[in-house]
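In case you want the letters, here they are:
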There are 2 protein chains.
Amino acid sequence: MPRPETDIAATRSRIIAAADQMIQERGAISFTMTDLATAVGMSPSNLYRFFESKDALAEAMAGEWFAELLIIMEDLVSADMPVEEKLYQFFAKRVVIKRSRYEDDPELFESYMELGDEHFEVIKGYVDLADHYMASILAEAMEKGYFKGLELDSVVSLVNTMMQPFCNPQLMMQMMHLATEERLRIVINTILSGLKADEEQAIIKPELHIAG
Amino acid sequence: MPRPETDIAATRSRIIAAADQMIQERGAISFTMTDLATAVGMSPSNLYRFFESKDALAEAMAGEWFAELLIIMEDLVSADMPVEEKLYQFFAKRVVIKRSRYEDDPELFESYMELGDEHFEVIKGYVDLADHYMASILAEAMEKGYFKGLELDSVVSLVNTMMQPFCNPQLMMQMMHLATEERLRIVINTILSGLKADEEQAIIKPELHIAG
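Residues numbered from 1 in each chain as written. Chains lettered and ligands numbered in written order. Predicted model: local features only at pLDDT ≥ 70, side-chain atom pairs only at ≥ 80, totals over all residues. Heavy atoms only, no water.

J.: Any chance you could break down the overall build of chain A for me, citing the residues and the numbers?
T.: Across its full length, chain A carries 13 helices and zero strands. From first element to last, N terminus to C terminus, chain A shows the α and β order α-α-α-α-α-α-α-α-α-α-α-α-α. Overall, the C-alpha framework of chain A stretches about 70 × 40 × 30 Å when taken along its three principal axes. Out of the 212 residues in chain A, the part that is buried amounts to 49%. (Helix = DSSP H or I, 4+ residues; strand = E, 2+ residues; numbered from the N terminus. Buried < 20%, exposed > 50% of the residue type's maximum accessible area, 1.4 Å probe, protein only.)

Structure follows, in C-alpha cells:
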C-alpha cells in the first residue's frame, strides 16, 4: 500500500535540497520556480502541487533553518538550571549551531540571509518567537532580583541591543571571530550584574531605590 | 595674485560635491571617474590632476565624513569631565551626527557605506583611530577601578561588541530606532558597572581577586 503522506514529505525534502543547491550556486534572488522544477526533473505545474509559491517554499526552508534552534530554546525555557546559566546557554547553543553552519558553507549561509531578507514576513514570526522565549528567561531573572527598575519589554530590547554580535546572523558573518563562548560568558555576566534602570531616572522615581 | 592652494581646495570640494550627488543617484559601485569628469565639466585628464584615482577620491570623501567625528573624539579624550560621562559622550555625540546624516538622506548614507566597503583600506585607518581614542578613555576608567581583571585590549573589544548598534553604521541603518540616547545611557552604565573578568577565570588566577 502506498503511504502518500510520507511520499509527499520525501518529495518536499528533495525539492528543498535542490533549492539549497540552487541558491548556493546562484544566490537567493535569481532562482525561479521554473528553474527549480527543471533541477528536480518535474514540470512546473507538478512542482506547484508541492509548493504553491516561492513564498511557501521559503517558509518551508525557514522552518528547516529554525527547527533545531526552536527545540533548543523550548528545552531551555523549562530546564531545571540556574537562570544565569540558562541565559548563557540560550545564546551559546545557538551561536555554536550558527557558527558551524557558517563555517560549513559561508556562501549558502549568506544566501539564506538573502532569502530571509526577501521573505521577511516569514522570518518575523520566528524572530518574535525567539524574543518570546528570551522574555521568559529574562522574567525568571527579574524574579531573582536582576534588572532593577526596568520593565520586561525594555530588558528584552536592551539585551537584544547588547547581544547583536551573538544573535544577528548578518552581523555574525562580519564578526564571527568575536562571537566566542568566552566573550559571550563575559557579556552575559556584564548584563546580569550591570543592567538596571538609569540612576538619574531612579532619583525621579525613588521607589526604584526601595526596590534595589 | 592667484592663490593656487585655495583654488585647488575649492575645485576638490566641488568635485567631491559632484561625487556625492553621483553616488546618491547611482550608488557607489557604478560611478566612474569618466562619468564624474563629465558631471563637473572637466576632461578626465584634468580631473586626474585633482584626484589621481578613484581610491584617492574615496580617501578625500572619507576624510570629510570623519573630520567632524575625529574632532569630537580628540576633544573628549582631553576633556576635563568624569570618565563615566566622557565614555557616554564618546558614543552619544557621534550617534547624534550619524543619525542626522542618515535622516537627512538615507540613500546617500547607504551609498557612503558601500563606498567604504569598496575602499575598506581607507576606512580602516579611521576605525583604528576611533579604537585608539576609545582605548584612552577606557584606560582612564580602568585607573578609576572599572573592568577588574581584564586587559585593556579585551575591554576595547568587549565594549565594541556590546556597542555595535551605537557605532556600526551598517547596523545603525537597520536599527536606528534602537540607538537612542536614553538606551545608550543604560548600556554605558551596564558596561561600567558590570564588565569585569569572568569569576571562574578569577578562581584560576587568584591575583584578580586581590586586584578587585
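J.: So what about the packing of helix α7 (residues 120-143) of chain A against helix α8 (residues 152-162) of chain A? Which residues, and what values?
T.: Residues and elements named next belong to chain A. One can describe the packing of α7 onto α8 by two numbers: an axis separation of 10 Å at closest approach and a directional angle of 115°. In terms of orientation, α7 and α8 fall into the roughly perpendicular class. Between α7 and α8 lies a crossing whose hand is right-handed. Contacts between α7 and α8 involve Asp131, Met134, Ala135, Leu138, Ala139 and Met142 on the former and, on the latter, Leu152, Val155, Val156, Val159 and Asn160. In the contact of α7 with α8, the residues fall into nine nonpolar, one polar and one charged. (Axes fitted to C-alpha atoms, helices over the stretch in contact; angles between N-to-C directions. Parallel < 35°, antiparallel > 145°, perpendicular 65-115°, else oblique. Left-handed = near helix turned anticlockwise from the far one by under 90°. Contact = heavy atoms within 4.5 Å. Nonpolar A, V, L, I, M, F, W, Y, C, P; charged D, E, K, R; others polar.)

J.: So, the pattern of salt bridges: which residues are in play, and what are the values?
T.: All names here are of chain B. Within the structure shown, the criterion is met by 15 salt bridges over all chains. A salt bridge links glutamate 118 to lysine 54, with the shortest nitrogen-to-oxygen separation between them at 3.7 Å. Highlighted residues: glutamate 118 in helix α6 (residues 106-118) and lysine 54 in helix α4 (residues 54-77), separated in sequence by 64 residues. With its nearest N and O atoms 2.8 Å apart, the salt bridge here joins lysine 124 to aspartate 128. Separated by four residues within a single helix, lysine 124 and aspartate 128 lie in helix α7 (residues 120-143), roughly one turn from each other. The partly exposed category is assigned to lysine 124, whose relative accessible area is 39%. According to the relative accessible area criterion, aspartate 128 is partly exposed, its value standing at 38%. (Salt bridge = Lys/Arg side-chain N within 4 Å of Asp/Glu carboxyl O.)

J.: Which residues make up the interface of chain B and chain A, and what values do they have?
T.: Buried accessible area, meaning the area lost when the parts come together, often serves as the stated size of an interface. The interface of chain B with chain A comprises 27 residues on the first partner and 27 residues on the second. Both sides together, the interface formed by chain B and chain A hides about 2,300 Å², and carbon and sulfur atoms give 59% of it. Among the residues chain B hides against chain A, the three largest losses belong to Thr161, Met162 and Ile186 of chain B. Together they make up 23% of the total. The interface formed by chain B and chain A contains zero salt bridges. Linking chain B to chain A there are eight residue pairs in polar contact (both at pLDDT 80 or more). At the level of secondary structure, the elements contributing two or more residues to the side of chain B that touches chain A comprise α8 (152-162), α9 (164-167), α10 (169-174) and α11 (181-194) of chain B. The element best represented in the side of chain B that touches chain A is α11 of chain B, accounting for ten residues. Classifying every residue of the side of chain B that touches chain A by side-chain character gives twelve nonpolar, ten polar and five charged. (Buried area = accessible area lost by both parts, 1.4 Å probe. Polar contact = N/O pair within 3.5 Å; in protein donor to acceptor, adjacent residues only side chain to side chain.)

J.: Quick rundown of the relation of the copies chain B and chain A? Include the residues and the values.
T.: Taken as rigid bodies, chain B and chain A are interconverted by a rotation of 180° and an axial shift of 0.0 Å, the fit giving an RMSD of 0.0 Å. The symmetry that links the two subunits is that of a two-fold axis. (Least-squares fit on C-alpha atoms with pLDDT ≥ 70 in both.)

J.: Quick one: what's the story with the environment of phenylalanine 109 of chain A, residue by residue and with numbers?
T.: Residue and element names in this part refer to chain A. Within the secondary structure layout, phenylalanine 109 lies in helix α6 (residues 106-118). When its relative accessible area of 1% is taken as the criterion, phenylalanine 109 is described as buried. Separated by eleven residues in sequence, phenylalanine 109 and phenylalanine 120 place their C-alpha atoms 16 Å apart. Contacts of phenylalanine 109, omitting those with residues within four sequence positions, involve Trp65, Lys98, Arg101, Tyr102, Pro169 and Met173.

Structural measurements only, silent on function.
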